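Report on the structure
As a plain string of letters, each chain reads:
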Amino acid sequence: MTVRRIMGIETEYGLIEPGNAWANPIEMSTQIVQGYAAGVPHADWDYAGEDPLSDARGYRITRAAADPSQLTGDPDLTAHGGGFHLSELRRGSIRGGPANAVLTNGARLYVDHAHPEYSSPEVTNPRDAVVWDRAGDEVMLEAMAAVLDTGREVVIYKNNVDGKGASYGTHENYLVERSVPFHELAHHLTPFFVTRPVVCGAGRVGLGQRSQEPGFQVSQRADYVENDIGLETTFNRPIINTRDEPHADPDRWRRLHVIGGDANRFDVPAYLKFATTSLVLWLVEHDHLPLELEALSLSAPVVDSWGVSHEPFGHELSTQGRSVRALDVQRTYLDVVARFVDRAGADAETTFALDLWDAVLDGLATDPESVAHQVEWVAKKQLLDGLRRRGNLSWDNPRLAALDLQWADLRPEHSVVARLDAAGRVRRLVSQAEVHAARFAPPADTRAYFRGTMVARFPGAVAAAGWSSVVVDAPGRRALVRIPLSDPHRGTRARTTRLFEFEEIDELLSTLGGE
Amino acid sequence: MSSQEFASSSRREPEPVPDLPVPAPAQEQTRNVDDLLDEIDSILVTNAESFVQGFVQKGGQ
């Protein structure tokens with residue numbers, strides 16, 4: 001059993017121009033993306049990898065390239081001869097968007113709706129997911145500085161609500177075995193997703209989509225859940241999203257797109273969000289679903305989403321025949337996983353994740369303040385309660401809402417979380433140095449390595465890149481060349497080291513193509 | 001399974017993960033909340049009401 005799998009996270013950030021309520025958010029987002037991209041090597045986005053037609057083509061490419069000659073940097077593979085399945089494209093046929101950049105760390109930075117969005121590179125484990133998620137925050141900080149250099153102040157917030165009705169997402173993605181029936185996934189993930197905000201919620205001042213009632217709740221996103229299952233992401237938001245665009249061999253994989261999570265400033269909730277979700281997915285993939293999980297089936301999951309967020313310890317969820325609380329549900333999932341690990345063993349990272357999950361659930365059950373340095377909503381509530389006590393403030397006092405917003409302010413000098421960090425009150429799982437390096441460096445063990453390194457090594461020659469392709473414009477070639485990256489596990493550092501020893505991109509292409 | 005049982009259970013040879021630091025117990029936190037509140041007070045915007053009102057976003061995903 002393992003927490004490891006291909007995963008990634010996308011964050012839509014909030015943004016304002018202080019003093020200008022009429023500032024156009026699309027224009028500001030564009031400035032942010034372009035301002036950052038102007039100062040770093042980057043490539044345009046390959047939109048062709050996005051449409052269903054291309055998915056179908058990816059399928060054929062995957063089949064064609066199914067022989068072990070995929071990336072010839074691997075010495076075992078070159079021995080077999082044969083080439084990588086490259087396809088040619090007419091010059092001028094690639095149309096990059098105006099604000100869309102593939103970065104050297106393998107991430108995508110772009111404008112989505114009216115927000116700047118950072119989509120992390122694919123990683124293989126929860127710890128790396130935290131590193132490359134936080135790298136996105138640093139990218140945004142530098143983007144703010146770049147825009148400030150042009151004389152305009154734009155401030156970026158890592159949260160999910162404005163308190164006036166708008167919500168913008170933080171989406172996780174997990175690669176899941178296609179063989180698992182989707183209804184099984186939905187069935188077993190629903191009680192888990194409804195209750196996981198007690199562990200990984202970021203906390204929020206205000207109840208209701210427009211914060212129409214004063215109060216505090218554990219989740220940023222819960223009040224925007226309106227449906228149990230569906231395709232939508234911008235309205236009528238479901239607990240289980242059915243988008244199915246794997247960016248990988250669709251015969252083998254689906255991509256589970258999770259839209260209900262909060263943007264986190266703490267490491268522990270971010271880490272546990274990935275780790276525990278990955279473990280529950282493992283249970284479903286391996287059909288290890290004892291009756292106690294079956295018994296968690298919820299009769300009113302949407303109402304429970306709101307209830308858990310508003311009353312994390314008090315809300316009773318209706319399962320078949322009995323009522324349980326959120327911590328009981330999380331404990332049940334943990335127990336099933338832990339029992340399996342006791343029997344069959346697990347790698348060190350999985351053991352670490354289980355111990356952390358256990359410690360946090362235990363702390364929440366016995367003395368929530370004892371885990372304030374780990375559980376983001378508890379830390380936020382602790383400060384809010386302190387302010388309320390001191391100033392005798394009611395929950396509708398704007399100072400409390402201001403603290404909630406400044407929690408999400410990425411600028412260290414204005415950030416509440418930066419103060420907590422400086423005071424040693426936030427447990428960090430990854431170092432600032434690692435996060436800093438991850439602005440530019442890709443993860444070594446997924447195809448993001450190939451994508452990012454291509455952009456870093458040959459910035460002028462990469463015409464575009466996407467999740468499952470890199471398009472090269474090599475001098476002397478009559479057409480563009482698209483290199484498919486249909487397997488997220490390939491294109492790793494280990495497999496491509498030799499490719500990146502070439503000085504000229506043409507040599508790299510020739511080797512890849514088996515010429 | 002209780003948390004005590006879980007904590008003492010013999011999972012198979014868990015190797016330490018060297019670069020993940022061990023948790024700092026809550027009592028080792030360097031300053032208490034009240035001390036910190038003064039500092040938080042000093043960075044909170046002075047015009048909280050207009051700041052909060054002015055934080056308006058367009059919807060997203």
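Residues numbered from 1 in each chain as written. Chains lettered and ligands numbered in written order. Predicted model: local features only at pLDDT ≥ 70, side-chain atom pairs only at ≥ 80, totals over all residues.

**Re the overall build of chain B**
A count of helices and strands for chain B gives three helices and zero strands. Per-residue burial over chain B gives 11% buried out of 61 residues. (Helix = DSSP H or I, 4+ residues; strand = E, 2+ residues; numbered from the N terminus. Buried ≥ 20, exposed ≤ 12 C-beta atoms within 10 Å, placed from the backbone.)

**What about the overall build of chain A?**
Helix and strand content of chain A: 18 helices and 19 strands. Whereas a compact globule of 515 residues would reach a radius of gyration of roughly 24 Å, chain A reaches 23 Å, a difference of no more than 12%. Dimensions along the principal axes, computed over C-alpha positions, put chain A at roughly 75 × 60 × 40 Å. Within chain A, the proportion of its 515 residues that are buried is 56%. Of all intrachain contacts in chain A linking residues separated by at least 6 positions in sequence, the fraction that spans at least 24 positions is 72%. (Rg over C-alpha atoms; globule rule 2.2 N^0.38 Å. Contact = placed C-beta atoms within 7 Å.)

**Quick notes on the sheet that holds strand β4 (residues 87-89) of chain A**
All names here are of chain A. Taken in spatial order, the four strands of this open sheet run β4-β19-β18-β17, and their pairing is antiparallel. The open sheet has two edge strands with one neighbour each: β4 and β17 (462-466). With direction set aside, neighbouring strand axes in the sheet form an average angle of 25 degrees. Packing of helix α16 (residues 448-457) onto the sheet brings it into contact with β17 and β18 (469-472), and relative to β17 it is tilted by some 160 degrees. (Pairing = 2+ DSSP bridges. Axes fitted to C-alpha atoms, helices over the stretch in contact; angles between N-to-C directions.)

**A closer look at helix α5 (residues 182-195) of chain A**
Residues and elements named next belong to chain A. Along its 14 residues, α5 runs 20 Å from first to last C-alpha, staying within 8% of the 20 Å computed at 1.5 Å per residue. Along α5, the sharpest kink reaches roughly 40 degrees, centred on L189 and followed within four residues by the proline P191. All buried positions along α5 are accounted for by L185, H188, T190, P191, F192, F193, V194 and T195. (Expected span 1.5 Å × (residues − 1). Bend = angle between axes of the 7 residues up to and from the residue.)

**Regarding the interface of chain A and chain B**
How big an interface is tends to be stated in terms of accessible area lost as the parts join. Contacts between the two partners involve 52 residues from chain A, matched on the other side by 38 residues from chain B. When contributions to the side of chain A that touches chain B are tallied by element, the ones reaching two or more residues are β2 (14-16), α10 (326-344), α11 (348-366), α12 (376-391), α13 (398-408) and α14 (416-422) of chain A. Across the side of chain A that touches chain B, the residue classes break down as 21 nonpolar, 17 polar and 14 charged. (Nonpolar A, V, L, I, M, F, W, Y, C, P; charged D, E, K, R; others polar.)

**Notes on the sheet that holds strand β5 (residues 100-103) of chain A**
Where strands meet in a sheet, backbone hydrogen bonds hold them as pairs that are either parallel or antiparallel. All names here are of chain A. Read across the open sheet, the seven strands follow the order β3-β5-β6-β7-β1-β9-β14; overall the sheet is antiparallel. The open sheet has two free edges, formed respectively by β3 (42-43) and β14 (253-258), since each of these has just one partner strand. Summarising the sheet, strand β9 (residues 170-177) and β14 pair through six bridges and their orientation is antiparallel. Counterpart to E172 in the pairing with β14 is V258. Each of β3, β5, β6 (108-112) and β7 (115-119) touches helix α1 (residues 25-37); the most contacted strand, β6, lies at about 165 degrees to it. Strand contacts of α16: β3 and β5, with the helix running at about 100 degrees to β5, the strand carrying the most contacts.

**Some details on unusual backbone geometry**
For S211 of chain A, which is not glycine, the phi dihedral falls at a positive 50 degrees. Of note, S211 of chain A is situated in the loop between β10 (204-207) and β11 (213-217).

**Overview of the domain arrangement of chain A**
All names here are of chain A. Each assigned domain of chain A is listed with its residue range as follows: domain 1 (7-37 + 106-437) and domain 2 (47-93 + 442-513). Here the C-alpha centroids of domain 1 and domain 2 sit 33 Å apart. Between domain 1 and domain 2, the contact holds 14 residues from the first and 17 residues from the second. Classifying every residue of the side of domain 1 that touches domain 2 by side-chain character gives six nonpolar, three polar and five charged. (Domains from an automatic or database assignment.)

**Remarks on the packing of α5 of chain A against α10 of chain A**
Residues and elements named next belong to chain A. The interhelical angle for the contact between α5 and α10, taken along N-to-C directions, is 130 degrees, at an axis separation of 9 Å. Judged by the inter-axis angle, α5 sits oblique to α10. Our pair here, α5 against α10, has a crossing hand that is left-handed. Side by side, α5 and α10 meet where P191, F192 and T195 of the first sit next to A326, V329, Q330 and Y333 of the second. Residues of the contact of α5 with α10, tallied by class, amount to five nonpolar, two polar and no charged. (Parallel < 35°, antiparallel > 145°, perpendicular 65-115°, else oblique. Left-handed = near helix turned anticlockwise from the far one by under 90°.)

**Some thoughts on the packing of α5 of chain A against helix α9 (residues 301-310) of chain A**
Residues and elements named next belong to chain A. The contact between α5 and α9 brings their axes to 8 Å, and the two run at 25 degrees. As the angle between them shows, α5 and α9 are arranged roughly parallel. When α5 is examined against α9, the residues T190, V194 and T195 are found in contact with a partner set consisting of P301, D304, S305 and V308. Residues of the contact of α5 with α9, tallied by class, amount to three nonpolar, three polar and one charged.

**Concerning the environment of M454 of chain A**
Here M454 of chain A shows up in helix α16. Each C-alpha atom, one on M454 of chain A and one on D342 of chain A, is 43 Å from the other, the two residues being 112 residues apart in sequence.

**Structural notes on the pairing of strand β13 (residues 237-241) of chain A**
All names here are of chain A. Summarising burial for β13: five of the five residues are buried, a large majority. Summarising the sheet, strand β12 (residues 225-230) and β13 pair through four bridges and their orientation is parallel. By the bridge assignment for β13, G230 is matched with N241.

**What to know about the nonpolar core**
Residue and element names in this part refer to chain A. Counting 145 residues, the largest nonpolar core has L109, V360, V375, V462 and V472 as the members making the most contacts within it. Here this core takes 11 residues from helix α7 (residues 267-285), the largest share from any one element. Residue contributions to this core reach at least three from each of two domains, namely domain 1 (7-37 + 106-437) and domain 2 (47-93 + 442-513). Other than its neighbours up to four places away in sequence, V360 contacts V199, V268, L272, V371, Q374 and V375. (Core = buried A, V, L, I, M, F, W, Y, C linked by C-beta atoms within 7 Å.)

**A few points about the pairing of β7 of chain A**
When a strand is regular, its side chains alternate between the sheet's two faces. All names here are of chain A. Burial of β7 is extensive: five of the five residues sit out of reach of the surface. In this structure, strand β1 (residues 7-12) lies alongside β7, joined through three bridges in antiparallel fashion. The residue bridging T11 from the neighbouring strand is Y118, located in β7. Pairing between β6 and β7: five bridges, direction antiparallel. When the bridges of β7 are listed, R108 appears paired with S119.

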